[in-house]
Amino acid sequence: MPPSVGSSRTTTASSTGTETYLHHKPPHNHHQRHHISLSSGLPASASATVATVSSVLASGKGHLLVNSSTRSFVQVRLPHDRTELELVDVWATLIPARVATSVVSHLKQELPDDPHSLLHLRRLVKEVDVNQQDSVRKASDQGFLHLLICSIDAVPSEGEIRRMLLPMTELPAANINDNRLFVPVIRKAPKYPALTKQQSKEWSDGTWPIMWRGNPHAIISELPSEDEVLYKKHIEKLLELTEKAHNEGEMPMATLILDPVTYETVASAVDTRNSSNNPLAHSTMTCIAKVAKKELRRRQKEAAMLDATKEPPPQAYLCHNLHLITTHEPCAMCSMAMVHSRISRLVYIKNMPLSGGIDRSSGAGYGIHWNKQLNWRFETWKWEGQNVLLYDIDEAINA
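Residues numbered from 1 in each chain as written. Predicted model: local features only at pLDDT ≥ 70, side-chain atom pairs only at ≥ 80, totals over all residues. Heavy atoms only, no water.

A. Examining the packing of aromatic side chains more closely. Applying the stated criterion across every chain yields a total of two aromatic pairs. With a centroid separation of 6.0 Å and 80° between ring planes, the pair formed by Phe-73 and Tyr-231 is classed as edge-to-face. Of this pair, Phe-73 sits in strand β4 (residues 73–75) while Tyr-231 sits in helix α6 (residues 225–247); the two residues are 158 residues apart in sequence, bridging distant segments of the chain. Between the aromatic rings of Phe-73 and Trp-383, the centroid separation amounts to 5.1 Å while the plane-to-plane angle is 75°, which identifies the pairing as edge-to-face. Highlighted residues: Phe-73 in strand β4 and Trp-383 in strand β13 (residues 379–383), separated in sequence by 310 residues. Looking at Arg-377, its charged tip hangs above the ring of Trp-370, at a distance of 4.8 Å from the centre. (Phe/Tyr/Trp six-rings, centres within 6.5 Å; stacked < 30°, edge-to-face > 60°. Helix = DSSP H or I, 4+ residues; strand = E, 2+ residues; numbered from the N terminus. Lys NZ or Arg CZ within 6 Å of the ring centre and 35° of its normal.)

B. Structural view of the sheet that holds strand β8 (residues 185–190). Strands sit in the order β6-β7-β5-β8 across an open sheet of four strands; the sheet is antiparallel. In this open sheet, the two strands that pair with only one neighbour each are β6 (124–126) and β8. Each adjacent strand pair in this sheet contributes to an overall mean axis angle of 45°, direction not counted. As paired strands, strand β5 (residues 87–96) and β8 are joined by six bridges and run antiparallel to one another. The residue bridging Ala-92 from the neighbouring strand is Val-185, located in β8. (Pairing = 2+ DSSP bridges. Axes fitted to C-alpha atoms, helices over the stretch in contact; angles between N-to-C directions.)

C. View of the packing of helix α8 (residues 283–305) against helix α9 (residues 332–341). At a minimum axis separation of 9 Å, α8 and α9 run at an interaxial angle of 25°. Judged by the inter-axis angle, α8 sits roughly parallel to α9. Between α8 and α9 the crossing geometry is left-handed. Facing α8, whose interface residues are Thr-284, Met-285 and Ile-288, α9 presents Met-333, Cys-334, Ala-337, Met-338 and Ser-341. (Parallel < 35°, antiparallel > 145°, perpendicular 65-115°, else oblique. Left-handed = near helix turned anticlockwise from the far one by under 90°. Contact = heavy atoms within 4.5 Å.)

D. Expanded view of the pattern of salt bridges. Taken as a whole and assessed by the stated rule, the structure comprises twelve salt bridges. Of the charged contacts in the structure, one is a salt bridge between Asp-271 and Arg-273, with a shortest N-O distance of 2.6 Å. Look at Asp-271 and you get buried, because its relative accessible area is 0%. The exposure class assigned to Arg-273 is buried, which follows from its relative accessible area of 13%. Here the salt bridges do not stand alone but share partners, grouping Glu-110, Glu-160 and Arg-163 into one network. (Salt bridge = Lys/Arg side-chain N within 4 Å of Asp/Glu carboxyl O. Buried < 20%, exposed > 50% of the residue type's maximum accessible area, 1.4 Å probe, protein only.)

E. Representation of helix α2 (residues 100–110) in the model. Three or more residues of α2 are buried, namely Ala-100, Val-103, His-106 and Leu-107. Along α2, the residues classed as buried sweep out an arc of 135° about the axis, all on the same side. Residues of α2 that are exposed and point more than 90 degrees away from the buried face comprise Thr-101, Lys-108 and Gln-109. Tucked into the core, α2 has its buried residues touching β5, β6, β7 (144–151) and α4 (158–165). (Arc of directions from axis to C-beta.)

F. Seen up close, the environment of Glu-158. Along the chain, the position of Glu-158 falls in helix α4. Glu-158 sits in the partly exposed class, given a relative accessible area of 34%.

Here it is, written out as structure tokens:
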């Protein structure tokens, strides 16, 4: 069968630092399956082949990293990820809670573009959240909110801020005798989003509060060893799927979705753009669609068993806190599908420099997994272990 469109299998010499790769090209069959030993120490149930260098080369089954002592996955972070708190001066004021919507709408029309993205900060804050040192709040403060206006770099002049706020003082609902209202004050606020929920809490202590918009799970610095073993096992499965896809004339890209609690594979898929003539049939999109169909059947079955007089239970996102493992860095479309379905962790093998939606150096540099303008974030880990043999894919193709 001819190779699938947009792919070919090659082996190339490579060396990174002290890591040396041994190479072997199968002598006869271009479509021969390349089952690669990923690690020693895998459980007996794992499908990885543990072998010596000589046995791997003799069998014609791929590559083995000589120096395998290093960890196999690295976390994909963005340049704006920071572990130290940096502060920026912002304008804020106290307003009656009942006019908050009108004031925010008015300022949106008046304010210039801010050089600092403040999307990670809460726009409206209760008195107790700002003045955390105050042990007692006045009863009258219950109806007031602190409003974040903009950074001082956006509008340096206090007089200009007062001018913008002046029309709001004439609102009937704002007619309250309190000299603190609509008076601009300078506050300190975290300049960048927090990396974790815990860090968000720490940075909000004594400064303007952060709105945590990411995955509720803390972002860890390295994968636990049991997760590494699990993912290596499933990378073996991905390689089997890509081989099968290639032999069937498809582009050799594959995806698995796992339940991190039960360790079960929820769904698997390969790219079927060639056979389906559907340009959206990426392996990640198809895999998420399979999860959706399973979940739909489960909900329909559950609904049929419910008493008609009872309220149905709340429904979670389709892939909430599931893990997705794929061969190639997902494109922007697939990355956004992971955001919308609430994947909690992505693991992939190969970067796609021209079309990827994850790594900041890929495609348009969206960094979708950790983009501060989106309402969900997920951990991302890239394979940095031995030289896994994948079919070459045109780097301009959206994976």
